Structure formats: C-alpha cells, structure tokens
Amino acid sequence: RERGISVALLDTETKNSSQCSVSVDDVRGGEIAIEHLASLGHKEIAWVTGPETIPQVADRTAGVMRAAKIAKVEISTVRVPLMNSAQGTDAVKKILALKKMPSAIFCGNDLLAFGVMRGLLDAGKKIPEDVSLIGYDDIAFGNSAAVPLSSISQPAYQLGVTAAELLISECEESEDHAHQQIKFQPQLVVRASTTKKK
C-alpha cells in the first residue's frame, strides 16, 4: 500500500477503515457447531484445534466457549501444533485418555476431522453411533469420507469473488473508492457423522 499498490485482505478481518477486507464470522461458526451438537443432546464435547495465535482459531474458540456456556455443555480442549490429518489422528489418543469420553467432537477444520475419524475408527469407535463428529470448512471431499462429514461451510467462492471485486474497484476508482470490510456468515452442513446422543 505504501508503494501505491491496491490491497484487499482475504479471509482476514481488519478494523482499519482505510483498507478492504473479506472474511467469515468464525466466532459464529464456532457457536453454530456447538449449538448443533447440543441440540442433539451432547453434553460432553471435545474441541480439537490448533494454536490460539491463528486468528481464525481464536475466533472459533471464542464461539465454542460462548455457545457451550449458554447450552451448559462441557468442553474438553485438545490442542495440536498443526491443523492437518496426521495431527487429528494423534489427537484421538488424548481424547481416549480423557477422564470421560466425550459423545461428540468438533474439529477446527475438516483435515483434523478426517484424522480424528480415522483414529476413532481404528480404535473401534463407530461414527456417529459412539461419537458424533463435525468439522469446519466443508471442503470438497467431506461428502466422500468413510462417514460423510458434517461441517461448518464457508462461502469460499463468494469470498474470492468479493475480494476481487473490491480490489478492481479500488484500482479503477482510486480516489472515489469506498473501503469496505465485508463479513460473511458460515452455514451448518449436516451429514451422517452427527446424530442424537443415545
């Protein structure tokens, strides 16, 4: 920006009114997942997530804790250093070692959820009969997993198009351009991996 190059932030919120940004309400995303699991009767939920230094992780955690307080559910946080499938599988060992096995697990992204799914199935747990599982991002092959994965969906296409439109607008209009900070709402996608607690 200091060199006169137009910039629009994507998937990153800014409070700076002199810059455009396009993001998703990750706090609300965390809330939606917990509300869904609580509505199915789950009272002990594991939250598998990455480092709090990642803004999206911090926001989703804030939503998880807020919704858990309202729904009166207990959250066991299992933190991993990287948000990938291998770390999800490793997280299962920590989940199985908890004092009380949670009836549902919410993962900070779908890659973690796929790893958790593999670890649970390897441990002889059935999804969703023994444990409900939900991810975040609703990536393309979530519907093709061993158990189709419930997830919190982000409007990825809309995010990209909106960021590009804001950037083009800033380039073309220059002095007359009005900077915008646009925040999209995530959506719950329910598939076979979540069900009522038995």
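Our structure is the block above this text.
Residues numbered from 1 in each chain as written. Predicted model: local features only at pLDDT ≥ 70, side-chain atom pairs only at ≥ 80, totals over all residues. Heavy atoms only, no water.

All right, on to the overall build of the protein then. The helix and strand inventory of the protein stands at five helices and nine strands. Ordered by position from N to C terminus, the α and β elements of the protein give β-β-α-β-α-β-α-β-α-β-β-α-β-β. Overall size of the protein, expressed as C-alpha extent along the three principal axes, is 60 × 35 × 25 Å. Counting only residues that meet the buried cut, the protein has 48% of its 198 residues in that class. Split by element, the accessible area of the protein, about 10,000 Å² in all, is 53% carbon and sulfur. Taken as two groups, the 22 positive and 24 negative side-chain charges of the protein have centres that lie 13 Å from each other. (Helix = DSSP H or I, 4+ residues; strand = E, 2+ residues; numbered from the N terminus. Buried < 20%, exposed > 50% of the residue type's maximum accessible area, 1.4 Å probe, protein only. Areas by Shrake-Rupley, 256 points an atom, 1.4 Å probe, with all protein chains shown as cover. Lys, Arg positive; Asp, Glu negative; His and termini not counted. Charge placed at Lys NZ, Arg CZ, Asp CG, Glu CD.)

Now for the layout of surface pockets. Here the largest pocket defines a volume of roughly 160 Å³. Forming the walls of the largest pocket are Asp11, Thr12, Glu13, Ser23, Val24, Asp25, Asp26, Val27, Pro55, Gln56, Asp59 and Lys183. Residue assignment for the lining of the largest pocket shows that the elements contributing at least two residues are strand E2 (20–24), helix H1 (26–39) and helix H2 (55–71). (1 Å grid on protein atoms, 1.4 Å probe; cavity = no way out; pocket = protein on both sides within 12 Å on 5 of 7 lines; lining within 4 Å. Points joined across faces, edges and corners; volume = space filled by probe spheres on them.)

Interhelical geometry of helix H3 (residues 85–96) versus helix H4 (residues 110–122) gives an angle of 45° and a closest axis separation of 6 Å. When the axes of H3 and H4 are compared, the pair comes out oblique. In this structure, H3 crosses over H4, and the sense of that crossing is right-handed. In contact with Ser85, Ala86, Gln87, Gly88, Thr89 and Val92 of H3, H4 contributes Leu111, Leu112, Phe114, Gly115, Val116, Arg118, Gly119 and Leu120. (Axes fitted to C-alpha atoms, helices over the stretch in contact; angles between N-to-C directions. Parallel < 35°, antiparallel > 145°, perpendicular 65-115°, else oblique. Left-handed = near helix turned anticlockwise from the far one by under 90°. Contact = heavy atoms within 4.5 Å.)

Pairing in this open sheet of six strands is mixed, and the strands run E4-E3-E5-E6-E7-E9 from one edge to the other. In the strand order of this sheet, the two ends are held by strand E4 (74–79) and strand E9 (187–189), each with one partner. Strand-to-strand twist across the sheet, computed as the mean angle between neighbouring axes with direction ignored, equals 20°. Two strands pair when backbone bridges link them, and strand E5 (residues 104–107) and strand E6 (residues 132–137) are joined in this way by three bridges, in the parallel orientation. Paired with Ile105 across the two strands is Leu133, which belongs to E6. (Pairing = 2+ DSSP bridges.)

Its 18 residues give helix H5 (residues 156–173) an end-to-end C-alpha distance of 26 Å, which sits within 8% of 26 Å, the value for a rise of 1.5 Å per residue. Residues Leu159, Thr162, Ala163, Leu166, Ser169 and Glu170 constitute the buried set of H5. The buried residues of H5 occupy an angular sector of 125° when projected down its axis, which confines them to one face. Among the exposed residues of H5, those pointing more than 90 degrees away from its buried face are Ala156, Tyr157, Glu165, Cys171 and Glu172. The inward-facing, buried residues of H5 contact strand E1 (8–10), E2 and strand E8 (181–184). (Expected span 1.5 Å × (residues − 1). Arc of directions from axis to C-beta.)

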